[in-house]
Amino acid sequence: MKALTKHRELILQDLKGRYDHPTAKMVFESVKGKSEKISFATVYNSLEYLVEKGLVHKLNMESESVRYDGMVEDHSHLICKDCGKVIDVGQFEIQGDAKFQSLGFQVKHVDIIVTGTCSACKTH
């Protein structure tokens, strides 16, 4: 893989240092003061490049905006339907690897998202 451009490296480091699973707009707001001439389009295109290269994950969740995750190790997410908070948790195991193989399907990545209400919203 080619070396990352200055902007892509900045965006990747920003994502690796946060756990709020930001949108492209949130990443742009975070990095725009750290680099001259960085546009929203550059941030968005860089995020998509980083996803394509496996350096960042795109969360498949019901949301108005795509969310990104800098932690690429296998893990699952809890999403509060009230406030939208996304919480990292250990990887949930699914039963059925043998069944998938019997169907001729090789599992490469499992993305499990559990929705509910976080403890902060539950107390309100």
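Residues numbered from 1 in each chain as written. Predicted model: local features only at pLDDT ≥ 70, side-chain atom pairs only at ≥ 80, totals over all residues. Heavy atoms only, no water.

K.L.:
Can you help me understand the side chain of Arg18 in this one?
P.N.:
Mapped onto the elements, Arg18 comes out in the loop between helix H1 (6–16) and helix H2 (24–31). Under the relative-accessibility criterion, Arg18 is labelled buried at 18%. Engagement of the side chain of Arg18 in a polar contact is seen with the side chain of Asp14, the distance being 3.0 Å. (Helix = DSSP H or I, 4+ residues; strand = E, 2+ residues; numbered from the N terminus. Buried < 20%, exposed > 50% of the residue type's maximum accessible area, 1.4 Å probe, protein only. Polar contact = N/O pair within 3.5 Å; in protein donor to acceptor, adjacent residues only side chain to side chain.)

K.L.:
Just checking my understanding: could you explain the pattern of salt bridges for this structure?
P.N.:
When charged atoms on two side chains of opposite charge get close, those side chains can pair. As enumerated under the stated definition, the model contains five salt bridges in all. A salt bridge links Arg18 to Asp14; its shortest N-O distance comes to 3.0 Å. Across the pair, exposure class does not vary: Arg18 and Asp14 are buried alike. Here Lys34 makes a salt bridge to Asp14, at a shortest N to O gap of 3.9 Å. Taken together, the residues Lys34 in the loop between H2 and helix H3 (40–52) and Asp14 in helix H1 connect sequence positions 20 residues apart. Taking the relative accessible area as the measure of exposure, Lys34 reaches 53% and is therefore exposed. The class for Asp14 is buried, based on a relative accessible area of 11%. One connected set of salt bridges, linked through shared partners, spans Asp14, Arg18, Asp20 and Lys34. (Salt bridge = Lys/Arg side-chain N within 4 Å of Asp/Glu carboxyl O.)

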